[in-house]
Structure formats: structure tokens, C-alpha cells
Amino acid sequence: MEVFSFKSTNIEITANTAADMANCWRRFRARVGDKAETYCDYRSTLPARLNSHCRITATR
């Protein structure tokens, strides 16, 4: 299952896992509470698209 992907004009990064992401997301959310959706900071100097399994999508 895809965890996240980062796609730009000249680069593409994809992370995959065999783990049940729904269960991982529930456990993570239980640990960090309401801050789960803003826990990580994403920055890029490239115009790109970041897609994550937790349905949070950012365009920079």
C-alpha cells in the first residue's frame, strides 16, 4: 500500500508498506491526538505535489 508520493517535474518519490495503514493511522492519532494532521512539516523548493495515505494533500 502506498504511504505517500512526492511528484515533481524531474523527481518522483514513493513510499510503500505491507502494513495496514488504517490501523497505523489510528495508532498514530491515538498517540498525538488532534495534532495528527499537522504533526509533520512539509517544505519543498520545487513545484511539486505531495500525496499521503491519510488523505491530506498539499501542493507547493
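Note on numbering: residues in each chain are counted from 1, in written sequence order. A pLDDT threshold of at least 70 governs which residues receive local features in this predicted model, and a stricter bar of 80 or more applies before side-chain atom pairs are shown or counted, although totals over entire chains, interfaces and linings include all residues. Side-chain metrics in this entry use all non-hydrogen atoms of the structure; hydrogen atoms and water are not considered.

**Notes on the overall build of the protein chain**
Then, number 1: Tallying secondary structure elements over the protein chain gives one helix and four strands in all.
Then, number 2: Helical segments are the DSSP runs of H or I of at least four residues, strand segments are the runs of E of at least two, and each set is numbered from the N terminus. If you list the helices and strands of the protein chain from N to C, you get β-β-α-β-β.
Then, number 3: Each residue is placed in one exposure class: buried if its accessible area under a 1.4 Å probe, protein chains only, is under 20% of its type's maximum, exposed if it is over 50%, and partly exposed if it falls in between. Here the protein chain holds 60 residues, and 15% of them are scored as buried.
Then, number 4: Here the analysis covers contacts within the protein chain between residues at least 6 apart in sequence; of these, 39% occur between residues at least 24 apart.
Then, number 5: Per-residue and other accessible areas follow the Shrake-Rupley method at a 1.4 Å probe size, with only the shown protein chains counted as cover for residues. When the accessible area of the protein chain is evaluated, it comes to approximately 4,800 Å², of which 52% is carbon and sulfur surface. Note on definitions: a residue-residue contact is assigned when non-hydrogen atoms from the two residues lie within 4.5 Å.

**Focus on the pairing of strand β2 (residues 12–16)**
Then, number 1: By the bridge criterion, five bridges tie strand β1 (residues 2–8) to β2 in an arrangement that is antiparallel. Bridged to Phe 4 within β2 is Ala 15.
Then, number 2: Pairing between strands requires that DSSP locate at least two bridges from one strand to the other. Linking β1 to β2, which pair antiparallel, is a turn of three residues.

**Overview of a nonpolar patch on the surface**
Then, number 1: In this scheme, patches are assembled from residues that exceed 30% relative accessible area and form no salt bridge. Like charges are connected within 9 Å, while nonpolar side chains (Val, Leu, Ile, Met, Phe, Trp, Tyr) are connected within 5 Å. By salt bridge we mean one thing: a side-chain nitrogen of Lys or Arg within 4 Å of a carboxyl oxygen of Asp or Glu. Together, Phe 4, Ile 11, Ile 13 and Leu 46 make up an exposed nonpolar region whose accessible area comes to about 290 Å².
Then, number 2: Relative to the assigned elements, Leu 46 resides in the loop between α1 (21–32) and β3 (48–52).
Then, number 3: Accessibility expressed as a relative area gives 34% for Leu 46, which makes it partly exposed.

**Remarks on the side chain of Ser 5**
Then, number 1: Within the fold, Ser 5 resides in strand β1.
Then, number 2: Polar contacts here mean pairs of N or O atoms no more than 3.5 Å apart (in protein, one a potential hydrogen donor and the other a potential acceptor; neighbouring residues in sequence count only if both atoms are side-chain atoms). For Ser 5, the side chain forms a polar contact with the side chain of Glu 2, separated by 3.4 Å.
Then, number 3: Among residues more than four places away in sequence, those in contact with Ser 5 are Ile 13, Thr 14, Arg 49, Leu 50 and Asn 51.

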